[in-house]
Structure formats: structure tokens, C-alpha cells
Amino acid sequence: MPTQSQPASVTLRVVPRDQHPISRKDISPNALRVLYRLRDGGHQAFLVGGAVRDLMVGGHPKDFDIATSATPEEVKHLFRNCRLIGRRFRLAHVVFGREIIEVATFRANVDDGSGDRQVHDDGRLLRDNVYGTIEDDAVRRDFTANALYYTIEDFSIHDYVGGFEDVRNRVLKLIGDPETRYHEDPVRMLRVVRFAAKLGFDIDDATAAPVPALAPLLAEAAPARLFEECLKMFLSGYGEACFLGLERFGLYAVLFPESAAALKANRSGALRRVVLEGLRGTDARVHADEPVSPAFLFALLLWPAYCRALIELQGQGVHAIEAQRRAADRVTVHELSTIALPRRFSLPMQEIWLLQSRLTSAQSGARPRKRVMRTLAHPRFRAAFDFLVLRQVASDGHADDVAFWREAQADPDNAIALQPPPGDEEGEGEGGDGERSAPRRRRRRRRSAAPTG
């Protein structure tokens, strides 16, 4: 079993202003206010982490975090607009309207016996509030690229673990022994994938090597935390790259076990094409500053699992409508044991799935006007229609349905009037894109009125 991580070697390198690209004009004015007040209060204070990293590669950070020698209570004393949060990691949030500047005290990487640092027997870090020096703080951080400190004293960057060169070389590297660091916090494996996708960095060989074998450790992470990590990975504009990274390291099968099994069994690759195309569309919407929905995202990621469950239930002779409901419930309940998907997202997700059969129900006859109008009025219609459009990547058998509903949104009466007569061919059924539905069995009438269960 991994032991507490040993201190990494520390060598300070000061990168002067004329040797790095960071300018104060690119830093949040509120972050600068916090830095100057902490300094004037007699404390060390640095801009740190992702903000420094992103500014170095020409990005535009959304968050500006600060590391300081001041304790959380001392930070609160300096700022009336400050609140203290967290138990596992005690932090100070300085609030400026909608912007929050997060201030963390330098943390040590050792247990001083106070009980403020607790490590589980399996290596997971349960509590980390032992304060130390900036050198201690640097080696405690996860990646070298996140351990760069920008100071307002002379506008230089302080680098203790070689992060400056790693950022310049676009390499993502863990600080310390990778296996130990993953045991401390298994979610670091997801962060490796996310940062590599976001920044376009290569992953250091030693950092990548242990991940496939340690991927099952993710099951020990809190489901609520995994939900938040999924939102960061898939709704920040690089979801496709994250998906490919998760697949590469065996992490997708831990986060979405039933979907991973369905993708593996789908020999045509149609289901995987739907997922990838959906993630590309989501990425495009993020980059265009258009809204994205967690419900639609999880409907996409769990669609393979839903399709497979639906085929199994139909193969058991369950009626189509009942099979759809059972499949949706089964997939949702099973996934909740891994990722804590809130009901405000899981219910709309299920509605997107269940509406698919209503949008493709014209194979047995023309759509009645009343049903069309009721479907158009459904609060989840637009999302379900977008999902149907997406499914064309796997099967062009939905082209007529897409054309009908597109016209129905503009002129429902005309769309209804122009419906072609029903064809003689059967569709794929709702077994899923590229997955053939099991043939329906003829059900014999029961002589008794016993309940079917």
C-alpha cells in the first residue's frame, strides 16, 4: 500500500519579468487588490496555479487563485467581504460581486501530529490543513505546471519544481511519485486527462504509466465529486478530447460502466459515432458561447447503456413502452452508484430518451394532429429533436422523421398534411442506432386475470 508521499526536490528558479509573457493587464483587478492588501498586511502573497499556467500559454483564466502565508483567519480579518469555507481544505473566499478570489494558505506535505492532516489506510488524503512554507506548498501541488507563483513584488515567476520549462515544453507532469499521488486522490487521474485535453499538452510517461492499472480507484471517489468533474471535462469546450483520453486510460469504463460495455458490444461502431458527434457539437456550442445542458450531456453519454438495456428488455418480451421506461430507470439507478446525477438533470435526460419513440412513431401510420401538437408542446421537445438529429450520424433511417419535425416546428398543419403514406418496411426500432431490436414475440392471451408483475 502506498505510503505518504515523500517531499520532492525543491530548487528555486526566479524567472524575471522580461523572460515570461505575463502582464498585470491580463490579471483580474480584484485579484490584484487581494495581492496588494495581503502584502501591505505583512504577508507573502502570490498568484498561483491554473491562472499562471494559462497566462503563460496565452489563455484567458476564468479563476484567479492566490497562495499566501496568511492563515484563513488572518485573511478574513483583512477583508470584510471574505468567507471561510471547507473542512478537508480550509480556504478563504474574497467576494467581489460575481467574482470570487480563492485564497489558500501555504500548506505543508507532512503530518505534524495536530490531526489537521489525515490519510486513509488506502492512501487517500482525507484532510489537509497543516500550514507550511511556500516551498512546502509547491511540492504539495499536483502538477508542475500548477506550481508556478507570480509575485507583484517584482512581477517575476517563482518556480520550485521545474514547472516553467514543463509549460514551455507543453508537458503535463505530476510532482512526486505518480502512483502515490493517485492513491492520495484518485480524481487526479481525471485531472490528468482534463488538463491534457484543455491545454493540448503531452502527458509525461511516468505520469501516464500507472493510470490504467489504478483506474478502479476512481470507484472510491465521492459520486458528487465525480459529477462535478464530469461537468468540467465535458462542458468546457474539449469534451471530445476528454472522452478519447478517458477511453485511452480505461477511465471511461469506471465512470460509465454500462455505456462502455455497450460500446464494446456494438460492432458497427454506430453508438460511438453518436457519442463523439454529440460531444463535438457540445464543444462547438461552448466555443460559440451558446448554452449547454448537463441533461443533454448525460443523455448522450448514457445513450449506449439505454439502447442496450432496451434491447435486452424487448428480447424478454416486455412491451415496447414499458421496456423504454424500465430501461431508462435501470440505467439511471445503476449510474447513480458511481456519479451523483441530480434529479433536475436525470429526469429531463430520461424524457429525452422516451421522446425518441414518439418522434419516430410514424413507421406504422401517419401522425395524428393531436399527437403532433402535444409532442411539440412538450418542454423537452427541442432537446429530444436535437438528439434525433444527432442520431442520423449512425443511421440515415431517421431522415424522414427529422424532416417532418423540422417542418412541424415552422408549420405543423402543413407538415401533417404532407405526410407520405406509411411504407411497408420496418425501421430499426428503438433498440438504438446501429443496434438491431429483437423481434417482438406474439403474446398469447392469458386465460386467467392473474397480475403479470
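What you see is a predicted model; the values in this text were computed from it and never measured.

**A look at the overall build of the protein**
Thinking step 1. Looking only at helices and strands, the protein features 22 helices and twelve strands.
Thinking step 2. Counting only contacts in the protein whose residues sit at least 6 apart along the sequence, the fraction spanning at least 24 positions is 69%.

**Brief notes about the packing of helix α19 (residues 369-376) against helix α21 (residues 399-410)**
Thinking step 1. At a closest axis distance of 11 Å, the pairing of α19 and α21 adopts a crossing angle of 80°. By the angle class used here, α19 and α21 are roughly perpendicular. Residue-level contacts link V372, T375 and L376 of α19 to F404, W405, A408 and Q409 of α21.

**Let's talk about helix α16 (residues 303-315)**
Thinking step 1. Taking 1.5 Å per residue, 13 residues should reach 18 Å; α16 reaches 18 Å between its end C-alpha atoms and fits that length.
Thinking step 2. Among the 13 residues of α16, ten are classified as buried, and the element is accordingly described as predominantly covered.
Thinking step 3. Listing the buried residues of α16 in full gives W303, P304, A305, Y306, C307, A309, L310, I311, L313 and Q314.
Thinking step 4. Contact partners of the buried residues in α16: α13 (257-265), α14 (270-287), α15 (294-301), α17 (320-336), α18 (343-359) and α20 (381-391).
Thinking step 5. A positive backbone phi angle near 90° is found at G317, which sits one or two residues after α16.

**What to know about the environment of D177**
Thinking step 1. Note on placement: D177 falls in the loop between β11 (171-172) and α6 (178-184).
Thinking step 2. Sequence spacing of D177 and T207 is 30 residues, and the spatial spacing of their C-alpha atoms is 8.5 Å.

**Brief notes about the sheet that holds strand β9 (residues 148-150)**
Sheets are built from strands paired through backbone hydrogen bonds, the pairs being either parallel or antiparallel.
Thinking step 1. In spatial order, the strands read β1-β10-β9-β2-β3-β6-β5-β4; together these eight strands make up an open sheet with mixed pairing. Each edge of the open sheet is held by one strand with a lone partner, namely β1 (13-15) and β4 (82-85). Direction aside, neighbouring strands of the sheet carry axes that sit 30° apart on average.
Thinking step 2. For strand β5 (residues 91-96) and strand β6 (residues 99-105), the ladder comprises five bridges, and the chain directions are antiparallel. Each residue of the ladder has a partner; that of A92, found in β6, is V103.
Thinking step 3. Against the sheet, helix α1 (residues 29-40) touches β2 (45-48), β3 (65-68), β5 and β6, its axis set at about 35° to β6.

**A word on the packing of aromatic side chains**
Thinking step 1. Evaluation of the coordinates by the stated rule reveals 16 aromatic pairs.
Thinking step 2. Summarising the aromatic geometry, the rings of F46 and F106 are spaced 6.4 Å apart at their centres and angled 45° between planes, so their arrangement reads as tilted. With a gap of 60 residues between them, F46 in strand β2 and F106 in the loop between β6 and β7 (117-119) connect regions that are remote in the sequence. Grouping residues by exposure puts F46 and F106 together as buried.

**Description of unusual backbone geometry**
Thinking step 1. Positive phi outside glycine occurs at R170, with the angle close to 55°.
Thinking step 2. Relative to the helices and strands, R170 resides in the loop between α5 (163-168) and β11.
Thinking step 3. In this structure R170 comes out as partly exposed when scored by relative accessible area, which is 35%.
Thinking step 4. Unlike most non-glycine residues, D289 shows phi in positive territory, near 60°.

**What to know about the nonpolar core**
Thinking step 1. Of all hydrophobic cores here, the largest spans 106 residues; its most connected members are F234, L251, L255, F256 and F298.
Thinking step 2. For this core, the leading source of residues is helix α7 (residues 188-199), giving eight residues.
Thinking step 3. Core analysis: the second largest hydrophobic core is formed by 13 residues, A384, W405, A408 and I416 among them.

**Describing the pairing of β5**
Thinking step 1. Of the pairings in the sheet, the one linking β4 to β5 comprises four bridges and is antiparallel in character. Within β5, the residue paired with R83 across the bridge is H93.
Thinking step 2. Taken together, β5 and the strand that follows it, β6, pair antiparallel across an intervening segment of two residues, in which G97 is found at a positive phi of about 65°.

**Considering the pairing of β6**
Thinking step 1. Both β3 and β6 contribute to a ladder of four bridges, which runs parallel. Bridge pairing in β6 places A67 opposite A104.

**Some thoughts on the side chain of R194**
Thinking step 1. Mapped onto the secondary structure, R194 falls in helix α7.
Thinking step 2. Contact partners of R194, with chain neighbours within four places excluded, come to E229, K232, M233, Y238 and C242.

**Structural notes on the layout of surface pockets**
Any empty space left between atoms is shown by rolling a water-sized probe over those atoms.
Thinking step 1. Estimates place the volume of the largest pocket at around 1,900 Å³.
Thinking step 2. Lining the largest pocket are 49 residues, with D65, R191, R194, F195 and K232 positioned closest to its centre.
Thinking step 3. Mapped onto the lining of the largest pocket, the elements with two or more residues apiece are α2 (50-56), β3, β5, β6, β8 (125-128), α7, α10 (223-234) and α14.
Thinking step 4. Considering every element that reaches the lining of the largest pocket, the biggest residue donor is α7, with six residues.
Thinking step 5. The residue makeup of the lining of the largest pocket, split by class, is 17 nonpolar, eight polar and 24 charged.

**Topic: the confidence of the model for the protein**
Thinking step 1. The predicted model of the protein averages 87 in pLDDT, with 85% of residues at 70 or higher.
Thinking step 2. Note on residues 112-120: pLDDT under 50 across the span, and 25 contacts to partners over four residues away in sequence or across chains.

**Notes on the packing of α20 against α21**
Thinking step 1. Across the interface, α20 lies against α21 with an axial gap of 10 Å and an inter-helix angle of 150°. In this structure, α20 meets α21 at a crossing whose hand is left-handed. Across the interface between the two elements, F381, R382, F385, L388 and V389 of α20 pack against D401, V402, W405, R406 and Q409 of α21.

**Focus on the pattern of salt bridges**
Thinking step 1. One pass over the full model with this rule turns up 24 salt bridges.
Thinking step 2. Put simply, D54 and R53 hold a salt bridge, and the shortest N to O gap is 2.9 Å. Neither residue differs from the other here; D54 and R53 are each classed as buried.
Thinking step 3. Residues K232 and E229 are paired through a salt bridge, measuring 3.8 Å at the closest nitrogen-oxygen approach. On the criterion of helical spacing, the pair formed by K232 and E229 is a turn pair, its members being three residues apart in helix α10.
Thinking step 4. Residues joined by salt bridges that share partners form a network here, namely R13, E165 and R168.

Rules and cut-offs
- Here the residue numbering is sequential within each chain, running from 1 through the sequence in written order.
- Under the rules for a predicted model, residues below a pLDDT of 70 receive no local features and side-chain atom pairs below 80 are neither given nor counted, while totals for whole chains, interfaces and linings still include all residues.
- Values shown for side chains rest on all heavy atoms present in the structure; no hydrogens or waters enter the calculation.
- Helix and strand definitions follow DSSP, with helices as H or I runs of at least four residues and strands as E runs of at least two, each counted in order from the N terminus.
- Here a residue-residue contact requires only that any non-hydrogen atoms of the pair lie within 4.5 Å.
- For every element, the axis is a line fit to its C-alpha atoms; helices are fit only across the contacting stretch, and the angle between N-to-C directions ranges from 0 to 180 degrees.
- For classification, angles of less than 35 degrees are called roughly parallel, those exceeding 145 degrees roughly antiparallel, those between 65 and 115 degrees roughly perpendicular, and all remaining angles oblique.
- In a helix, the anticipated span is given by 1.5 Å times the number of residues less one.
- Three exposure classes are used, based on accessible area relative to the maximum for each residue type with a 1.4 Å probe and protein chains only: buried under 20%, partly exposed in between, and exposed over 50%.
- Between any two strands, at least two bridges found by DSSP are needed for them to pair.
- For Phe, Tyr and Trp, where Trp contributes only its six-membered ring, two rings pair if their centres lie within 6.5 Å, and the inter-plane angle classes them as stacked under 30 degrees, edge-to-face over 60, or tilted in between.
- Among the buried residues, those of types Ala, Val, Leu, Ile, Met, Phe, Trp, Tyr and Cys that are joined through side-chain atoms within 4.5 Å form a nonpolar core.
- Here a cavity denotes grid points, spaced 1 Å and computed from the protein atoms alone, that fit a 1.4 Å probe unable to get out, and a pocket denotes an open set having protein on both sides within 12 Å along at least 5 of 7 lines; residues with an atom within 4 Å of a point are the lining.
- Grid points are joined across faces, edges and corners, and a volume is the space filled by probe spheres set on the points.
- Side-chain classes follow a simple rule in which Ala, Val, Leu, Ile, Met, Phe, Trp, Tyr, Cys and Pro form the nonpolar group, Asp, Glu, Lys and Arg form the charged group, and the remainder, Gly included, forms the polar group.
- pLDDT is a residue-level measure of predictor confidence that goes from 0 to 100.
- In this scheme, a crossing is called left-handed if the near helix is turned counterclockwise away from the far one by less than a right angle; it is called right-handed if the turn is clockwise.
- The working definition used for a salt bridge is a side-chain nitrogen of Lys or Arg within 4 Å of a carboxyl oxygen of Asp or Glu.

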